[in-house]
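Breakdown of the fold
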Amino acid sequence: MSLTGRAVRNILQSLCIDRMDRMRWQHRLPITLGAMLTPFRRLLERLIAAWVEVRLIEPVPAELELDPDVPVIYVLPGPALTDSLLLASLTRRRGLPPSAGTTRVGTLTLPTCLALPSAGRRLWKRHSRLDAPFVALIDQRRRDPDQEVLLLPVSIFWGRAPGKRFGFWKMLAADSWQFTGRLRRALSVLINGKNVELYFGAPLRLGELLDDRDTLQTNRKTARLLRVHFRRMRSRVLGPDLSHRRTLIEGVAFSPEVHRVIGELAARENLSPDRLQRRALRYGREIASNMTYPVLRFMDGLLKRLWTRLYDGVEVRGLERVKSLAGDHTLVYVPCHRSHIDYLLLSYVVYREGLMPPHVAAGRNLDMPLIGPLLRRGGAFFLRRSFRDKPLYAAVFNEYLHRLLSRGHPLEYFVEGGRSRSGRMLAARPGMLAMTLRSFLRSAAGGGHQRLAFIPVYIGYERIIENASYQRELRGGRKSKESPLALLKALKHLRQPFGRVAVNIGEPLILADYLDGEVDQWRQTLGQPAPPWLNDLVPRLGEELCRRINAAASLNPVNLVALVILATPHHAIELSLMNRQLALLTALQRQGPGNPHASVPEGEPDDWIAQALSLDMIERRRHPLGDILVADDQRAGLLAWYRNNTLHLFALAGLTAFAFRHHGSHSLNSLEALLAPSWPILARELVIPPPDSLRAALAQRLDQLVEQGLLTRDGDRWRRPDDALEAGECLDLLGQLMQPSLERGYLLLVVLLEAGPARLTTEALSQRTRQLAERLAVLSGLDAPEFFDTRLFVTLVDSLESEGWVWQQDERLVFDDRLRRAAMQTRELFDPTLRHRLQLITHPREHEGSDDERR
């Protein structure tokens, strides 16, 4: 066949010809054309290698563990010359089996890189498509079992545009169009050449795919497995298709559920349905995000520079658990909420790690000029703080959330509702969780097979931007309103050091599996708008997610130093003792039976102390007899926030140590009896899962304290060491971690018992105890507003109710003698001096008044 001008034009345009088809073309063309293709390909490969930068390779080639004795054939999801050229360059540089040229497999000579046949039609192609790329390999493998081959799937993404069905950026960056593929791919290489990601799949051994099927069926099975892998990878990286924002809003506003609410409101309030329909559209525009690729690219670059300027590094742990679910689960990220930085940090992390950024639920207060539109285009959707008395708004928001979830878009929201001013994990708000559950049940009732997974995320800072504002608000100051001007004022903080940030992924919660364990025959209630078990389940689900977030906590130099120095009476400690106590805390965490997803910092105690000093969180005072570390009142107030981030990790160890302050020795029986009443309440306050057996957990902790030299064992009793002063001091510092929580609980019990049954409401009891705690803090010289935070006492009352110690009757708290006996038992934890001080604080004296005043 002569080399016509049309043939040359076709070859030059075909930047996406797959290698198998190209070989067939070469067999039909004269030898001179085949000779021309090799130099042309080499030139293109050099151009690709010079221009393109692969931002992310996953997994790294060293982790592929390829068998050097088995030939490797790379498989691409579709025919694309640019992909094969990039892969050839990368395999050569990284020492992988070459993907260019051919390889010998038995008697077959095959290209080392195949592409799955495209489902679309090519207008220039005159020959039949090669629909059976693995037939020859399968036949040979059946004849000779020694002729094994590895199929290695490779996905390459030129840019990370969300999967939209429309728009210019779709043409430039998405990877599914066929008709405009040549022009689109050429432009994509030019524009996205510095933002390429490459993903290797798990190698498939051809022999493991063989069964009783014939060759053609096995070929289809192999191709199907590879297509499923490529589809999951595309869904993980690019997410599902996004509808045009206007189309999505109109679909929400004209949905049957919203239409039903409009009809009810029109009849009840005598309003025009057209007017209510316009209001629904307005609500939709107020809520809906408008995620766009240019803003994602812009935010990625901006945030990379911001984190480089603000932080010494961002450490991410556990993201492999997310990646294993992302291809076939709808992901709902539920991070703790410590700072406004949280909104941006998690989206940045998942984007940089090759996952689709989530749609983030943000408060309407952030929909401010300049900032709001940028956040909206980065994936934020906005909601009001309360839906009360707004049934139409609630219907629009519920429908919008359902459409995002049912289509598989990843979501992110903060179950706590707002930022934690005290540093503790706050109780989960039920609103978003309930809406997510209803959406899941609605999809299941409609015959869908939606898989939904909650992803708990712990975000830990060594220093936050909101330090001063949190302290002001805890002392009763008003919360500052968010505004562009306030943001500009915050920019001055960029010059200050903020240390490192940790993003730890907790244990994912698969919703269907969780429902199977919590609700009997929940699938039989599908179709009911409000199943009878829903209201009881939502708080339990919130508690479980909060516990999983806390279980992934990150110890860092600042919160470790805070745990130690705030346990001293005057917030001062010798440098040598600080070193010993820091080593003790990290050893307890490493050896602890729980919290497998929690992390400890790298380095040694000296490094952690130096980091805390560099961040100006403590002061070092030189002394001839040994340096002393000091935290003044202002620093101590700040450090309390960081201590509370991780206090829960040492709850049982601290409580065990505290039991030895007043009692020199304990048997396991006496220790269990002493701590049993307090432990469930403490566990709920600190949001940690109580162990299946307190006795077994105590035995483990006692063994750890013996191993660290803080206790000695004599038969069936454990004792404080008599001749080890430093060990005794370390034991006291460890026990001191739990004293504030125990004191708050004891104050609340005394106030409740003095008032008597059915005398106080929850609000009155919390307020009265808060006043006493504030008085105790002043008299003790404790400048820590979080010690008398009202929400802590409300949580304590809720814990007493959940454990059955108290119950409500006509909104008054009722109890019996069991509570008195538990209070007497808890009283034995405190030494006589501390008991006397608490009794003086709780004595009514001038605070006595009438019953009406107490209420």
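As the structure is a computational prediction, the values presented were derived from the model and not from experiment.

**Points about the overall build of the chain**
A count of helices and strands for the chain gives 36 helices and 24 strands. For the chain, the proportion of its 855 residues judged to be buried stands at 55%. The contacts in the chain between residues at least 6 apart in sequence include a share of 78% that link residues at least 24 apart. Carbon and sulfur atoms form 52% of the exposed surface of the chain, whose accessible area is close to 38,400 Å².

**Considerations on the nonpolar core**
If you look at the biggest cluster of nonpolar residues, it comprises 167 residues, and the most contacted ones within it are L392, F454 and L515. At nine residues, helix α16 (residues 391-406) tops the list of elements feeding residues into this core. Residues in contact with L515, not counting those within four places in the same chain, are L437, F440, L441, W522, W533 and L537. With 30 residues, the next largest nonpolar core counts L753, L796, L813 and A822 among its residues.

**Let's talk about the packing of aromatic side chains**
Counted under the stated rule, the structure contains 15 aromatic pairs. Considering the side-chain rings of Y393 and F397, the 6.5 Å spacing of their centres and the 20 degrees angle between planes classify their relative orientation as stacked. Here Y393 pairs with F397, and both are found in helix α16, just four residues apart, close to one helical turn. Given the relative accessible area of 0%, F397 is considered buried. An angle of 35 degrees between the planes, with centres 6.0 Å apart, marks the rings of F440 and W522 as tilted.

**Remarks on the pattern of salt bridges**
Charged atoms that come close allow side chains of opposite charge to pair. Scanning the entire structure with this criterion turns up 44 salt bridges. E286 is the partner of R384 in a salt bridge, and the nearest nitrogen-oxygen pair spans 3.0 Å. Taken together, the residues R384 in the loop between β12 (380-383) and α16 and E286 in helix α11 (residues 273-287) connect sequence positions 98 residues apart. For the pair R384 and E286, one class covers both residues: buried. In this structure, E544 engages R548 in a salt bridge whose closest nitrogen and oxygen atoms are separated by 2.8 Å. Of the two residues, E544 and R548 are both situated in helix α21 (residues 534-551); the distance of four residues between them amounts to about one turn of the helix. When its relative accessible area of 19% is taken as the criterion, E544 is described as buried.

**Considerations on empty space enclosed by the protein**
This model, assessed by the stated rule, comprises 10 cavities of 30 Å³ or more. By volume, the largest cavity is sized at about 210 Å³. Lining the largest cavity are 17 residues, with P677, S678, I681, G745 and L749 sitting closest to its centre. Listing elements by their share of the lining of the largest cavity, those giving two or more residues are α28 (678-685), α31 (739-755), α33 (790-802) and α34 (817-827). The element best represented in the lining of the largest cavity is α31, accounting for six residues. The residue makeup of the lining of the largest cavity, split by class, is 12 nonpolar, four polar and one charged.

**Here's the deal with α11**
For α11, which comprises 15 residues, the first-to-last C-alpha distance of 21 Å matches the rise-based estimate of 21 Å (1.5 Å per residue) to within 8%. Summarising the contacts, the buried residues of α11 are in contact with α9 (245-253), α10 (256-269), α15 (371-377), β12 and α16.

**Topic: the confidence of the model for the chain**
Looking at the chain as a whole, the pLDDT averages 84, with 87% of positions reaching at least 70. Mean pLDDT across the elements of the chain bottoms out in helix α2 (residues 19-28) (39) and peaks in helix α22 (residues 557-565) (97). Every residue in residues 1-36 is under pLDDT 50, and counting partners more than four places away or in other chains gives 59 contacts. Of the regions scoring below 50 in pLDDT, residues 120-130 engages in 25 contacts with residues more than four places distant in sequence or in other chains.

**Here we look at the sheet that holds strand β19 (residues 628-630)**
Backbone-to-backbone hydrogen bonds join strands into a sheet, with any given pair of strands oriented parallel or antiparallel. Across the sheet, which stays open at both edges, the three strands sit in the order β17-β19-β18 with antiparallel pairing between neighbours. The open sheet has two edge strands, β17 (572-574) and β18 (619-621), and neither has a second partner. Geometrically, the sheet is characterised by an average inter-axis angle of 25 degrees between neighbouring strands, direction not taken into account. Pairing between β17 and β19: three bridges, direction antiparallel. Looking across to β19, one finds that E574 is bridged to I628.

**Concerning the environment of R46**
Within the secondary structure layout, R46 lies in helix α3 (residues 31-51). For R46, a relative accessible area of 59% puts it in the exposed group. Counting along the chain gives 40 residues from R46 to L86, while the straight-line C-alpha distance between them is 9.4 Å.

**A look at the pairing of strand β3 (residues 102-105)**
On β3, burial follows the alternation: T103 and V105 on one face are buried, whereas T102 and R104 on the facing-out side are not. Bridge analysis of β3 against strand β4 (residues 108-111) gives four bridges, and the strand direction is antiparallel. By the bridge assignment for β4, R104 is matched with T109. Between the antiparallel neighbours β3 and β4 lie two residues, among them G106 with a positive phi of about 65 degrees.

**Topic: unusual backbone geometry**
A cis amide bond links E58 to the next residue, P59, at an omega of -15 degrees. A positive phi is found at H571, a non-glycine position, where the angle reads about 55 degrees. By the secondary structure assignment, H571 is in the loop between α22 and β17. Phi at D810 is positive, roughly 55 degrees, even though this residue is not glycine. Assignment of secondary structure puts D810 in the loop between β23 (806-809) and β24 (812-815). Among the residues examined, D810 registers a relative accessible area of 71% and is labelled exposed.

**Here's the deal with a nonpolar patch on the surface**
There is a patch of nonpolar side chains on the surface, built from W51, L190 and I191 and spanning about 280 Å² of accessible area. Along the chain, L190 falls in helix α7 (residues 181-192).

**Concerning the sheet that holds strand β20 (residues 665-667)**
The sheet built from three strands is open, its strands ordered β20-β22-β21 with antiparallel pairing. With partners counted over all chains shown, the strands left at the sheet margins are β20 and β21 (712-714), one partner each. Ignoring strand direction, the axes of neighbouring strands in this sheet form an average angle of 30 degrees. One ladder, built from three bridges, connects β21 with strand β22 (residues 717-719); its direction is antiparallel.

**Section: the environment of R421**
By secondary structure assignment, the location of R421 is in the loop between β13 (411-412) and α17 (430-445). Distance in space between the C-alpha atoms of R421 and N467 is 9.1 Å, their sequence separation being 46 residues. Apart from residues lying up to four places away in sequence, R421 is in contact with Y470, E473, L474, K479, W641 and R791. A polar side-chain atom of R421 sits 3.0 Å from the main-chain carbonyl oxygen of R419.

Conventions used here
- Numbering of residues starts from 1 in every chain and runs along the sequence as written.
- At least 70 in pLDDT is required for a residue's local features to be given in this predicted model, at least 80 for side-chain atom pairs to be given and counted, and no such filter applies to totals for whole chains, interfaces and linings, which use all residues.
- Water and hydrogen atoms were dropped before computing side-chain values, which therefore reflect all heavy atoms in the structure.
- Secondary structure elements are defined from DSSP: runs of H or I of at least 4 residues count as helices, runs of E of at least 2 residues count as strands, and each element is numbered from the N terminus.
- Remark: exposure states derive from per-residue accessible area (1.4 Å probe, protein chains only) relative to the maximum for the residue type, with buried under 20%, exposed over 50%, and partly exposed in between.
- Contacts are residue-level and defined by heavy atoms, with any inter-residue pair within 4.5 Å sufficient.
- Each accessible area is a Shrake-Rupley estimate made with a 1.4 Å probe; only the visible protein chains count as cover when residues are assessed.
- Within this scheme, the nonpolar core is defined by two criteria: the residues are buried Ala, Val, Leu, Ile, Met, Phe, Trp, Tyr or Cys, and they are joined through side-chain atoms within 4.5 Å.
- Centres within 6.5 Å are what make two rings of Phe, Tyr or Trp a pair, Trp counting through its six-membered ring; a difference in plane orientation under 30 degrees is then read as stacked, over 60 as edge-to-face, and the rest as tilted.
- We define a salt bridge as a side-chain nitrogen of Lys or Arg found within 4 Å of a carboxyl oxygen belonging to Asp or Glu.
- Cavities and pockets were defined on a 1 Å grid built over protein atoms only: a cavity is a set of grid points that admits a 1.4 Å probe from which the probe cannot escape, a pocket is an open set flanked by protein on both sides within 12 Å along at least five of seven lines, and lining residues are those with an atom within 4 Å of any such point.
- Grid points are joined across faces, edges and corners, and a volume is the space filled by probe spheres set on the points.
- Charged residues are taken to be Asp, Glu, Lys and Arg, nonpolar residues to be Ala, Val, Leu, Ile, Met, Phe, Trp, Tyr, Cys and Pro, and polar residues to be all remaining types, Gly included.
- Any helix carries an expected span of 1.5 Å times its number of residues minus one.
- Per residue, pLDDT captures the predictor's confidence, and it can take any value from 0 to 100.
- For two strands to be treated as a pair, DSSP must find at least two bridges joining them.
- Each axis is a line fitted through C-alpha atoms, taken for helices only over the stretch in contact, and angles between the N-to-C directions span 0 to 180 degrees.
- Exposure above 30% relative accessible area and the lack of any salt bridge qualify a residue for a patch; like charges then connect within 9 Å, and the nonpolar side chains Val, Leu, Ile, Met, Phe, Trp and Tyr within 5 Å.
- Whenever two N or O atoms come within 3.5 Å, that pair is a polar contact, provided that in protein one can donate a hydrogen and the other can accept it, and provided that, for residues adjacent in sequence, both atoms are side-chain atoms.

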